[in-house]
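Structural overview
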There are 4 protein chains.
Amino acid sequence: LIKDVEVLNCEYGKNTIKFLRLHREGKKHFVKEVEVCTHLRLTSAHEYLDGNNSLVIPTDTIKNIVLVLAKKNGIPTLEQFAIDICKHFMTTFCQVAYVKTYVQEVPWQRLHENGVPHIHSFICVPDGIRFCEAEQCRNGPLVVFAGIKDLKLMKTTQSGFEGFFKNEHTTLPERHDRILCGELFCKWSYGECKDFDFDCIWNKIRECIIEAFSGPPDCGEYSPSYQKTVNSIQMLVLSKVSQVIETVLNNTFYNVVDMKNLGLTNDKEVSKCSKHNLPRLFRNTQP
Amino acid sequence: LIKDVEVLNCEYGKNTIKFLRLHREGKKHFVKEVEVCTHLRLTSAHEYLDGNNSLVIPTDTIKNIVLVLAKKNGIPTLEQFAIDICKHFMTTFCQVAYVKTYVQEVPWQRLHENGVPHIHSFICVPDGIRFCEAEQCRNGPLVVFAGIKDLKLMKTTQSGFEGFFKNEHTTLPERHDRILCGELFCKWSYGECKDFDFDCIWNKIRECIIEAFSGPPDCGEYSPSYQKTVNSIQMLVLSKVSQVIETVLNNTFYNVVDMKNLGLTNDKEVSKCSKHNLPRLFRNTQP
Amino acid sequence: LIKDVEVLNCEYGKNTIKFLRLHREGKKHFVKEVEVCTHLRLTSAHEYLDGNNSLVIPTDTIKNIVLVLAKKNGIPTLEQFAIDICKHFMTTFCQVAYVKTYVQEVPWQRLHENGVPHIHSFICVPDGIRFCEAEQCRNGPLVVFAGIKDLKLMKTTQSGFEGFFKNEHTTLPERHDRILCGELFCKWSYGECKDFDFDCIWNKIRECIIEAFSGPPDCGEYSPSYQKTVNSIQMLVLSKVSQVIETVLNNTFYNVVDMKNLGLTNDKEVSKCSKHNLPRLFRNTQP
Amino acid sequence: LIKDVEVLNCEYGKNTIKFLRLHREGKKHFVKEVEVCTHLRLTSAHEYLDGNNSLVIPTDTIKNIVLVLAKKNGIPTLEQFAIDICKHFMTTFCQVAYVKTYVQEVPWQRLHENGVPHIHSFICVPDGIRFCEAEQCRNGPLVVFAGIKDLKLMKTTQSGFEGFFKNEHTTLPERHDRILCGELFCKWSYGECKDFDFDCIWNKIRECIIEAFSGPPDCGEYSPSYQKTVNSIQMLVLSKVSQVIETVLNNTFYNVVDMKNLGLTNDKEVSKCSKHNLPRLFRNTQP
C-alpha cells in the first residue's frame, strides 16, 4: 500500500447545532434561534493515520460547548456569539490549530397586534437570512465575517441587457426593458475583530443592498446588466465596511410568453420564470 | 386478462403553471406571481381504456388557456382568477365533467425606502402563503375555497400540556410552561360563489389566526394543548366565514436541554427543536 | 361567539417516527429502517372543545408504543408491522375510534463484493420506495394497503400522443415518437387483512409495473398516451391484487431542442426536460 | 463614492443546463442525462465597472454552445464532454481568461426483464452520483477532476469510538460497537488531461470506496473512528489515481433508544438516527 502521503488539510466538526435561546426581561421575552456549525483542525492527524483518538474532541463535546456558551453568555449578537465560540476553543484546547464557526439566524420577528408589540409571541419572516462567520488560526488574528442570504428581490422595469458579444451561437435578443429578479447573497469582512455595532451595520447594509438594487422609489435606476447591479450593490456596501468578500445575485429569468400563435399581443404582461444563473464578483478595497 | 373493471375516478391536468402577471397604472407597477394547477375529469375514459385521445384536452392546451385568461382578465384576486378558469373550462368543453383549479401566490411585497413605496421594486416575504381553490361538477355549483399555509408562529410561554391519559408507555412529563410553535395551515369555504371581498376577508382571517394563537399582546392567553389552540383559531375564523374545512397546526416541539451533567441549571433558556407532529381538526358550522 | 359547531373530523398523531430495527442471525445482520406515522381519532373531542386532555394519548406515548412494538415483534414485513400497530391501539385504548398507520421503508440493500453478500454492510438504493398503510374503525375491519412511490422510469421511443382534441388554444404538435418519462406512484388494497405473502406480492407488482411501462425487452410496446400506459399498468397490477386504489404517473416532459437557428438538424438526439404533469386514475375491479 | 477598489475575482456563468443526449445503435438506445454548469472569467471587468457588455458572452450563448457540443460530439464520457466544453471556450473566445465546467449525471440504468436488457427502457437508480469538473486558465494546463457523491453506506457493527479527549464538557460515552453510517463525497484529480479510461477508473474507485468502508464480506473490518475510515478510503483510492482532493463522510448518527423506563432491555436492536456531522480530509500524495 501507499506510504508516503501528505495530509494537506483535515477538518472535522459539528454542523447544524440548532437551538433557541430565550432571554427574559420581566414578562417580556426575546428569542434568538440559531443554527451553528463549528469546525476544528487539530495540530496532528493521528486519528486519521493511526486511529489514535486521544486528541480528538468529539463532535458531541463541541455541541455541548456551544450550548453551554449560549446558556452562560446569551447571544447578544450573532457575531459576538461566534467570537465567543472561537475564543473558547482556542483558549481551552492546545491541540486546536484552527477553529471556524458559522452562525445563522432563524428569522423570528415579534408579533404586533394593531401596532402593539406582543410580549412573547413571534412570527417567522424569512425575507433575507442573517449569518456570520468567525475563524482563527493559532497565533493568528480572529477574523469576523457577516452576511445576508436568500434575499429575493425583483424590479419589473429599468433593466436591460444590450451590446453583448455575438457570434453564430447567439440566439438571445437584445432587451432594454426586462424584469430583473434574483436571490441575493452578500458576505463581507469586519477584518480583525474590534468593537463594531454589528446589529446596526447589518441593518444598514441590508438597506444599502435594497437601495442599490432598486434605485430611487419614484423612478428606479437603469441596470444595463446583472453584473453592473452587483457592482452597484458592492460599491454601496463598501461605504459601510472595509471589504466585500463575495456578492452573488442568483438570477431568475423571466421570459415574456409569446402569444402570437394564440392571437394575442403580450405587452410584457405575462412572463414565465426559469431559474438558472450565477453571476458573481469577489472583490476588496484599497482605501 | 381482466375485463370487467370499474373506473371510479380518472383525473388529469397540469400542475405548476407558474407565471407572473404584470399590471401597470401609469408608471406604477403591480405584480401577481402565481402557481396554478388545473385538473379535469372527462365524461368518458376512452383515452385510458382504448387509447382514443379524441376528447383529451392536452395539458399543454390547459396551460395555454390559463395564460390567455391571465392576459385577458388579469388577476384581480386569486379567487376570481380560479373562478374564471373553472367557468372557462365548463363553458367551452362539453366533454369536461369536473374541473378543479388551485392557485397559490408568490408573496411579493412592494419595497419601501424610508417609508416611500417603490413604483416597480418588490421583495419576497414568505410569512404565510395565500392560496385558493375552485371546483365544479357539470350541473353543480361552483364552490370556492381559500386558505393560508406555511405560517410559522411561536409563543415562548402561556402554553402547557397536562392531565393527559397515562399508562405504562407514558414517559412524557406534565408541563405547564412550554414553548408552543407550529406551522399553520388553514383552509375555509366561501360556499357557492357570491360577491365576496376576497382580499379583505383573507387579511382579516390571517389576523384572527394570529390573534387566536397569541392572545392579548400584554399577557397572552394560556393554551392547555395544541388541540385547544386549533379550536380557538377555528372559532375565530368561523366568525368571518361559514365553514372551516381544515386546520392543521404542524407543531414543532422545543425540548429544554438538560444541562445537569454539564453542571448548569437551565431555566428553559436553551431549547432544542424537533419537528414531528400533526394534530388536525376538520369541522363545519351549523348556524 | 359561535356556539353551534359540528365537529366533522378530528385526528391527531405522530409523523415521522424514524428508526432502524436491527435483526441478527448469528453474525449475519438484517436491517429495516422505517418511517412511521400513526394517527388516531378519539371517541370524543373534549380536548379541542374544553381543553380537557384526560383521554388524549400524547404523541410521545404513540412514539413509545411504535418503538416498543418494533423491539418486541421486529418488522417481519412492513404490512405486518402496520397491522400490529393498529391492533395494539384498538385493543389497548377504548377511547380510540379510529387508527391509521403509514409505514415507509428506507431502501437499504445488502452490499456485495465480487458477488459475495456482506454480513453487515448496506447501501441505500432508492429506485422505488415501498410503503404500506393499515387502518381500522372501531367495530370495522382492519384494511391493509401497500404501494410503491418515487419509481422513475423512462423509454426513449415507442411513445406518442396524437388525435387529441384541438381548438384555438392548441399549440401542441402531434407526435408519434417521443420520450416517455415519469415518476410512478401506485397504491393497492389487500382488502380485509388475510394471510398474504406481502413481500412476494410487492416484488411481483413492481415487476408488473416495469413490464407494463416498458413492454418486451427486444421491441417495447407503443404507448399512445400517458393515460393508456397508466391503464396498462393498472390492468397488470389487477392480475395480482383485487383493487388498485390509485396510480399516478407524474410525467416529465422531454422537448426536443430546436437547433434550426443554430444551423443544426436535431434528430431527437438532444432533449430538455421539464417537470409538470399529473395524470391519474382511481379504479377498482368487479371480478 | 469609493473609487479605488481592486477586483479580485469575477466569474459568471450558467448553472443547471440540464438535458438528455440520446445515442442510437440500430434499435438499441443509449442515454446520458446530464446537468452542466459552465463558468467563465473574462480578461476585463468592464461589464461590472462600466456597464460595457461588449465582451460578455451571454449565459444564453453558453447554454447554446453546451447543447451544440453535445449534439455534435455526443457524451462519450462525462470527463471528455467537460474537456470538450473547456477547449471550445478557450479556443473560440480570446476574452476568456478562465473556464470551468461541472458535469453531473442523472443515474439512468438500462432496465432488464428476466435478465434480458431492454433496448430502450431505463430506470433511475441514485446509489451514488457521478460528476466531474474540468478547468483551465489561459496559458495553463487543462485539469480534470472526477468524483462520486450522495453514496449512502451503513455498517451495523465493527465500528466504535473510544479513547477520545475528555473534559468537563464531555458527555459522550465510549462505544466499541456502534452503527457507522454516512453519505460519502469523494473527489479526485486526474492531473493534466491524458488518455485515461475514465469510465473504468470511476467504477474501480467506487468499488474501492465500498470495500474500504465495509471490509471483507465475511467479517468486516473494525473502524475506530469516522476519521480512520475516511483515511482507509483515501488510501485505497490513491492506489488508482495520483491525488485525492477531498473526501467527506457526512455521517448519520444512530443512537440506541433507551428503553429502560419502558421496562425493556434494548440490545442495540432499535436505534434512532440523527443527521449531523461533517468530518473531512483534504490530502494529496508524494509518490
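Residues numbered from 1 in each chain as written. Chains lettered and ligands numbered in written order. Predicted model: local features only at pLDDT ≥ 70, side-chain atom pairs only at ≥ 80, totals over all residues. Heavy atoms only, no water.

**Quick word on the overall build of chain A**
Applicable threshold: Under the DSSP-based scheme used, a helix requires at least four consecutive residues in state H or I and a strand at least two consecutive residues in state E, with every element numbered from the N terminus. Values of the radius of gyration come from C-alpha atoms, whereas the globule rule sets the reference at 2.2 Å times the count of residues to the power 0.38. Throughout, exposure labels follow a simple rule: accessible area from a 1.4 Å probe, protein chains only, divided by the maximum for the residue type, with under 20% read as buried, over 50% as exposed, and the rest as partly exposed. Only heavy atoms matter for contacts: two residues are in contact if any of them lie within 4.5 Å across the pair.
Helix and strand counts for chain A come out as five helices and 11 strands. Taken over the C-alpha trace, chain A has a radius of gyration of 24 Å; the compact-globule value for 287 residues is 19 Å, which it surpasses by more than 25%. Taking the principal axes of its C-alpha atoms as reference, chain A extends roughly 75 × 65 × 45 Å. Out of the 287 residues in chain A, the part that is buried amounts to 63%. Contacts spanning at least 24 positions in sequence make up 65% of the contacts within chain A whose residues lie at least 6 apart.

**Section: the interface of chain C and chain A**
To be explicit about the condition: Note on definitions: buried area is the accessible-area loss of two parts on being combined, 1.4 Å probe, summed for both. What counts as a salt bridge is simple: a side-chain nitrogen of Lys or Arg found within 4 Å of a carboxyl oxygen of Asp or Glu. Here a polar contact is taken to be a pair of N or O atoms separated by no more than 3.5 Å, where protein atoms must pair a possible hydrogen donor with a possible acceptor and residues adjacent in sequence count only if both atoms sit in side chains. Residues are grouped as follows: Ala, Val, Leu, Ile, Met, Phe, Trp, Tyr, Cys and Pro are nonpolar; Asp, Glu, Lys and Arg are charged; all remaining types, including Gly, are polar.
Facing the five residues of chain C at the interface are five residues of chain A. At the boundary of chain C with chain A, total buried surface from both sides reaches about 400 Å², with 67% on carbon and sulfur atoms. Taken as a group, C:Thr171, C:Asn261 and C:Leu262 account for 69% of the area that chain C buries against chain A, more than any other trio of residues on that side. Between chain C and chain A we count zero salt bridges in total. Taken together, the connections running from chain C to chain A amount to zero residue pairs in polar contact (both at pLDDT 80 or more). Across the side of chain C that touches chain A, the residue classes tally to one nonpolar, three polar and one charged.

**Observations regarding the side chain of B:Glu47**
Mapped onto the elements of the fold, B:Glu47 is located in helix α1 (residues 46-49). Look at B:Glu47 and you get buried, because its relative accessible area is 3%. Here B:Glu47 is in contact with B:Leu42, B:Asn52, B:Asn53, B:Val56, C:Ser225, C:Gln227 and C:Lys228, once residues within four sequence places are set aside.

**Concerning the UniProt feature "binding site: O2" (unreviewed entry) in chain A**
Selection rule: UniProt positions are given in the numbering used here, feature names are shortened, and annotations may be inferred rather than shown by experiment.
The UniProt record annotates "binding site: O2" (unreviewed entry) at A:Asn251. Along the chain, A:Asn251 turns up in strand β9 (residues 243-256).

**A closer look at the pattern of salt bridges**
All names here are of chain A. As enumerated under the stated definition, the model contains 44 salt bridges over all chains in all. Here Lys63 ties to Asp60 by a salt bridge, and the two come within 3.3 Å at their closest N and O atoms. Taken as a pair, Lys63 and Asp60 lie in helix α2 (residues 59-73) at a separation of three residues, close to a single helical turn. For the pair formed by Lys63 and Asp60, the shared burial category is buried. A salt bridge links Glu133 to Lys100; the nearest nitrogen and oxygen atoms lie 3.9 Å apart. Here Glu133, found in strand β6 (residues 129-137), pairs with Lys100, found in strand β3 (residues 96-106); they are 33 residues apart in sequence, far enough to count as distant. Classification of Lys100 as partly exposed rests on a relative accessible area of 30%. What emerges from the salt-bridge pattern is a single network uniting Glu79, Arg130 and Asp199.

**Section: the pairing of strand β3 (residues 96-106) of chain C**
Residues and elements named next belong to chain C. Put simply, the rule is: Pairing between strands requires that DSSP locate at least two bridges from one strand to the other.
With respect to burial, β3 is a largely interior element, nine of its 11 residues being buried. Sheet analysis places strand β2 (residues 28-42) next to β3, joined by 10 bridges and oriented antiparallel. Following the sheet pairing, His39 is matched in β3 by Lys100. Relative to strand β6 (residues 129-137), β3 runs antiparallel, the two sharing seven bridges. Bridge pairing in β6 places Gln104 opposite Phe131.

**Re the UniProt feature "binding site: urate" (unreviewed entry) in chain A**
According to UniProt, the feature "binding site: urate" (unreviewed entry) maps to A:Thr59, A:Asp60, A:Phe161, A:Arg178, A:Gln227 and A:Asn251 in the numbering used here. With a sequence span of 193 residues, these residues are also far apart in the fold, their greatest C-alpha distance being 51.4 Å. If we ignore the near neighbours within four places in the chain, the residues touching A:Asp60 are D:Thr171 and D:Leu172. At a separation of 3.3 Å, a polar atom in the side chain of A:Asp60 contacts the side chain of A:Lys63. Turning to its location among the elements, A:Gln227 is positioned in helix α5 (residues 226-237). Since its relative accessible area comes to 5%, A:Gln227 is described here as buried. Here A:Gln227 is in contact with D:Tyr12, D:Glu47, D:Tyr48 and D:Val56, once residues within four sequence places are set aside.

**Some points on the state of the cysteines**
All names here are of chain B. Keep this limit in mind: Disulfides are defined as pairs of cysteine sulfur atoms found within 2.5 Å of each other.
If you walk through the whole model with that rule in mind, you get zero disulfides over all chains. Of all cysteine sulfurs in the structure, the one in Cys86 sits closest to Cys132, which takes part in no disulfide; the separation is 9.1 Å. Taking relative accessible area as the criterion, Cys132 reaches 0% and is therefore assigned buried.

**Focus: the relation of the copies chain C and chain A**
Note the following rule: Least squares is used to superpose the copies, and the fit set is the C-alpha atoms of residues whose pLDDT is at least 70 in both copies.
After a rotation of 180 degrees and a shift along the axis of 0.0 Å, chain C superposes on chain A with an RMSD of 0.0 Å. Taken together, these values place the two copies in the relation of a two-fold axis. Identified as the residue of chain C closest to the rotation axis by C-alpha distance is C:Ser274, at 5.4 Å. Most of the interface of chain C is mirrored in chain A: 100% of its interface residues are interface residues there too.

**Describing unusual backbone geometry**
All names here are of chain B. If you check the backbone angles, Thr16 has positive phi at about 50 degrees while not being a glycine. Within the element layout of this structure, Thr16 appears in strand β1 (residues 5-25). Residue class for Thr16 comes out partly exposed when judged on its relative accessible area of 34%.

**Considering the packing of α2(A) against helix α3 (residues 78-92) of chain A**
How two helices sit against one another is set out by the angle between their axes and by the gap between those axes. Residues and elements named next belong to chain A. Put simply, the rule is: All axes here are fitted lines through C-alpha atoms, helices being fitted over the stretch that makes contact, and every angle between N-to-C directions spans 0 to 180 degrees. In these notes the angle categories are as follows: under 35 degrees is roughly parallel, over 145 is roughly antiparallel, 65 to 115 is roughly perpendicular, and the rest is oblique. In this scheme the crossing of two helices becomes right-handed for a clockwise turn of the near helix relative to the far one and left-handed for an anticlockwise turn of less than a right angle.
Here α2 crosses α3 at 125 degrees, and the two axes come no closer than 10 Å. Regarding the angle of α2 to α3, the classification is oblique. Note on packing geometry: the crossing formed by α2 with α3 is right-handed. From α2, Ile62, Ile65, Val66, Leu69, Ala70 and Asn73 reach across to α3, where they touch Phe81, Asp84, Ile85, His88 and Phe89. The class makeup of the residues in the contact of α2 with α3 is eight nonpolar, two polar and one charged.

**Things to note about the side chain of D:Arg110**
All names here are of chain D. Put simply, the rule is: Within this scheme the basic residues Lys and Arg register as positive and the acidic residues Asp and Glu register as negative, but His and the chain ends are omitted.
Within the element layout of this structure, Arg110 appears in strand β4 (residues 108-113). The side chain of Arg110 sits in the buried core without any salt bridge; Glu25 is the nearest counter-charge, 8.2 Å away. Here the side chain of Arg110 touches His118 through a polar contact of 2.7 Å, landing on its backbone oxygen.

**Looking at the packing of aromatic side chains**
Worth spelling out the cut-off: Two rings from Phe, Tyr or Trp (for Trp, the six-membered ring) form a pair when their centres are within 6.5 Å of each other. A pair whose planes differ by under 30 degrees is stacked, one over 60 is edge-to-face, and the rest are tilted. Whether a charge lies above a ring is judged from NZ of Lys or CZ of Arg, which has to be within 6 Å of the ring centre and within 35 degrees of the ring normal.
Using the criterion set out here, one finds 40 aromatic pairs over all chains in the structure. Ring geometry for B:Tyr226 and B:Phe253: centres 6.4 Å apart, planes at 80 degrees, overall edge-to-face. Here B:Tyr226, found in helix α5 (residues 226-237), pairs with B:Phe253, found in strand β9 (residues 243-256); they are 27 residues apart in sequence, far enough to count as distant. Judged by its relative accessible area of 4%, B:Tyr226 falls in the buried class. Ring centres of C:Phe131 and C:Phe185 lie 5.5 Å apart, and the angle between their planes is 25 degrees; this geometry places the pair in the stacked category. With C:Phe131 in strand β6 and C:Phe185 in strand β8 (residues 180-192), this residue pair connects regions lying 54 residues apart in the sequence. Taking relative accessible area as the criterion, C:Phe131 reaches 2% and is therefore assigned buried. Grouped by ring-pair contacts, the aromatic residues A:Phe89, A:Phe93 and D:Phe165 constitute a single cluster. Over the face of the ring belonging to D:Phe145 we find D:Lys187, whose NZ or CZ atom lies 5.0 Å from the ring centre.

**A look at the nonpolar core**
Threshold: Among the buried residues, those of types Ala, Val, Leu, Ile, Met, Phe, Trp, Tyr and Cys that are joined through side-chain atoms within 4.5 Å form a nonpolar core.
Within the largest apolar cluster, 302 residues are counted, with the highest numbers of intra-cluster contacts made by A:Phe19, B:Phe19, C:Phe19 and D:Phe19. Apart from the residues within four sequence positions on either side, D:Phe19 is in contact with C:Val270, C:Ser271, C:Lys272, D:Lys32, D:Glu33, D:Val34, D:Val36, D:Val66, D:Leu67, D:Ala70, D:Ile75 and D:Phe81.

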